[in-house]
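# Per-entry structural report
For reference, the chains in residue letters:
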Amino acid sequence: MKSRSLFERALAVMPGGVNSPVRAFRAVGMDPVFIRRGYGSRIWDEDGNEYIDYVLSWGPLILGHAHPDVVEAIKNQVEKGTSFGACTEIEVLLAEKIVESIPSVEVVRLVNSGTEATMSAIRLARGYTKRKYVVKFSGCYHGHSDGLLIKGGSGLVTFGVPDSAGVPEEIAGLTIVAPYNDEEKVAEIFAEKGDEIAAVIVEPVAGNMGVVPPKEGFLEALREITKKYGALLIFDEVITGFRLSYSGAQGYYGIEPDLTTLGKIIGGGLPVGAYGGREDIMRLVSPEGPVYQAGTLSGNPLATAAGYATLKVLSENPGIYDKMDRLAEKLCRGLKDIMERAKIPVFINRAGSMLTMFFTGEEVKDYDSALKADTKMYAAFFREMLKRGVYLPPSQFESVFLSAAHTEEDVEKTLEAAESAAGTLRKL
Ligand code: PMP
């Protein structure tokens, strides 16, 4: 077992043996598998096992693993050098592509991760409004900067630590948390502190408490109330950008935020993030304005080449979104039927090519209802699926992703595995 021995070595030199917590597989009660390679919709572990991959590096790989155009773009660039810390054509190409694809993004700054993107967008919102409070929603994850690690979903909920140690209460006190999909609560918060609120930051489709779509009118209400009080609306589209549609969740739902954060897909599997939006706000960023933000590797040529190649394929093949949508719907319907037949209560949320099957019979519309899911049941389901060659997210509170590389056959095989896995769950 090569994965096992690698994990033992990893544990000796890295906290939990990992460089990002959920990878440790603790929530699913087993040691992690180590991945050797990926191609299309498939990955192979160090012991030679093959899996249909529904994690896709947590969302970036919308074209699947090692897409030929992305590989070629990286190869072409790598031979010319990997980083200059200076201006390059490829970063301009990616920035232009983003601006041309997302109407609300008039000017954009490239960074290295989603965390940097949201952290910088918040700083910019505070710099622009000269106000200090930020409203976020419980169960939404916006990376691990101090002020956003409050009721953060994702790994925090997986490990049962709603708020991280090490965040001073003075900093946490500047973040106001509201329940997702609850615009009345947001209205109350604004009634109380409206003229001190710099921004509302939201995942327009939540993906970090498992998938929770916005109920009708929720995003519109956020748009309205922020406008009314002169606060900025930030859509964190690190997951949904270029996934829900080519113009993200904002294109899908027809709402224009003031600022947008991006990551994942725009790096094609290499480390990238971005924040952008209204020109009058973005022009406050250094060196044009007083809001400071910088990065040694920002706009890195390899990452921007991979991202640009990915966006190019997406823009030239708009049918990809319909195809992913169809496959995701087939997967949802199949899973629902299987669980119904097995008499296992589940509630499935889906938005486009992202979905979560919650092991609860009740509707999941916010963090509290997501927490009602039976995580032990999920863990058992995950392990049974893994044994049958299907790699799902190793936590109930994450999203299943499809890619352009997934096929009808992949979904059919997944449903066969689920049917057989459900048989073992019934006996729990
Ligand atoms: N925002 C959202 C919505 C995310 O899902 C994530 C990561 N999953 C982040 C921000 C942080 O991005 P990164 O992990 O690249 O720092």
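Anyway, here's the lowdown on the structure attached to this text. Every value quoted in this text rests on a predicted model; they were computed, and no experiment measured them.

A few words now on the overall build of the chain. Helix and strand counts for the chain stand at 15 helices and 14 strands. Each principal axis of the C-alpha atoms in the chain carries an extent, and together these give about 60 × 55 × 45 Å. Evaluated residue by residue, the chain yields a buried proportion of 58% over its 428 residues. For the chain, the proportion of contacts with a sequence separation of at least 24, taken over those separated by at least 6, is 72%. For the chain, the exposed area adds up to about 18,100 Å²; of that, 51% sits on carbon and sulfur atoms. Charge-centre separation for the chain: the mean point of 47 positive side chains lies 4 Å from the mean point of 57 negative side chains.

This part takes up the site of the ligand. In the vicinity of the ligand, the residues found are S113, G114, T115, Y141, H142, G143, E203, N208, D236, V238, I239 and K264. Y141 places a polar main-chain atom, nitrogen or oxygen, 3.4 Å from a nitrogen atom of the ligand. Separating an oxygen atom of the ligand from a side-chain N or O atom of N208 is a distance of 3.0 Å. For the ligand, whose unbound accessible area comes to 390 Å², protein coverage reaches 82%. Residue composition of the shell around the ligand, by class: 3 nonpolar, 6 polar and 3 charged.

The next subject is the sheet that holds strand β2 (residues 42-45). A sheet is described by the order of its strands in space; here 4 strands give the open sequence β1-β2-β3-β13, paired in mixed fashion. Edge positions in the sheet fall to β1 (35-39) and β13 (390-391), since each of these pairs with one other strand and no more. Here strand β3 (residues 50-53) runs beside β13; their pairing, made up of 2 bridges, is parallel. Pairing of I52 across the sheet is with V390, part of β13.

Moving on to the pattern of salt bridges. The final tally for this structure, using the stated rule, is 24 salt bridges. A salt bridge links E50 to R42, with the shortest nitrogen-to-oxygen separation between them at 2.8 Å. A relative accessible area of 37% means that E50 is categorised as partly exposed. The salt bridge partner of E279 is R283, with a shortest N-O separation of 2.6 Å. Overall, E279 belongs to the partly exposed group, its relative accessible area being 33%. Taking the relative accessible area as the measure of exposure, R283 reaches 32% and is therefore partly exposed. Taken together, the shared-partner salt bridges in this structure form one network comprising R223, D258, R278 and D280.

Right, let's get into the side chain of T261. Looking at the secondary structure, you find T261 in strand β9 (residues 259-263). At 2.9 Å, the side chain of T261 forms a polar contact with the side chain of D236. With residues near it in sequence (within four places) discarded, T261 still touches A117, T118, A121, I234, F235, D236, E237, V238, A274 and Y275.

The rolling of a water-molecule-sized probe over the atoms marks out the regions of remaining empty space. When its volume is computed, the second largest pocket comes out at roughly 670 Å³. Residue lining of the second largest pocket: 31 residues in total, with E91, V108, R109, L110 and S286 positioned closest to the centre. Grouping the amino acids of the lining of the second largest pocket by side-chain chemistry returns 16 nonpolar, 10 polar and 5 charged.

Rules behind the numbers
Residues numbered from 1 in each chain as written. Predicted model: local features only at pLDDT ≥ 70, side-chain atom pairs only at ≥ 80, totals over all residues. Heavy atoms only, no water. Helix = DSSP H or I, 4+ residues; strand = E, 2+ residues; numbered from the N terminus. Buried < 20%, exposed > 50% of the residue type's maximum accessible area, 1.4 Å probe, protein only. Contact = heavy atoms within 4.5 Å. Areas by Shrake-Rupley, 256 points an atom, 1.4 Å probe, with all protein chains shown as cover. Lys, Arg positive; Asp, Glu negative; His and termini not counted. Charge placed at Lys NZ, Arg CZ, Asp CG, Glu CD. Near = heavy atom within 4 Å. Polar contact = N/O pair within 3.5 Å; in protein donor to acceptor, adjacent residues only side chain to side chain. Nonpolar A, V, L, I, M, F, W, Y, C, P; charged D, E, K, R; others polar. Pairing = 2+ DSSP bridges. Salt bridge = Lys/Arg side-chain N within 4 Å of Asp/Glu carboxyl O. 1 Å grid on protein atoms, 1.4 Å probe; cavity = no way out; pocket = protein on both sides within 12 Å on 5 of 7 lines; lining within 4 Å. Points joined across faces, edges and corners; volume = space filled by probe spheres on them.

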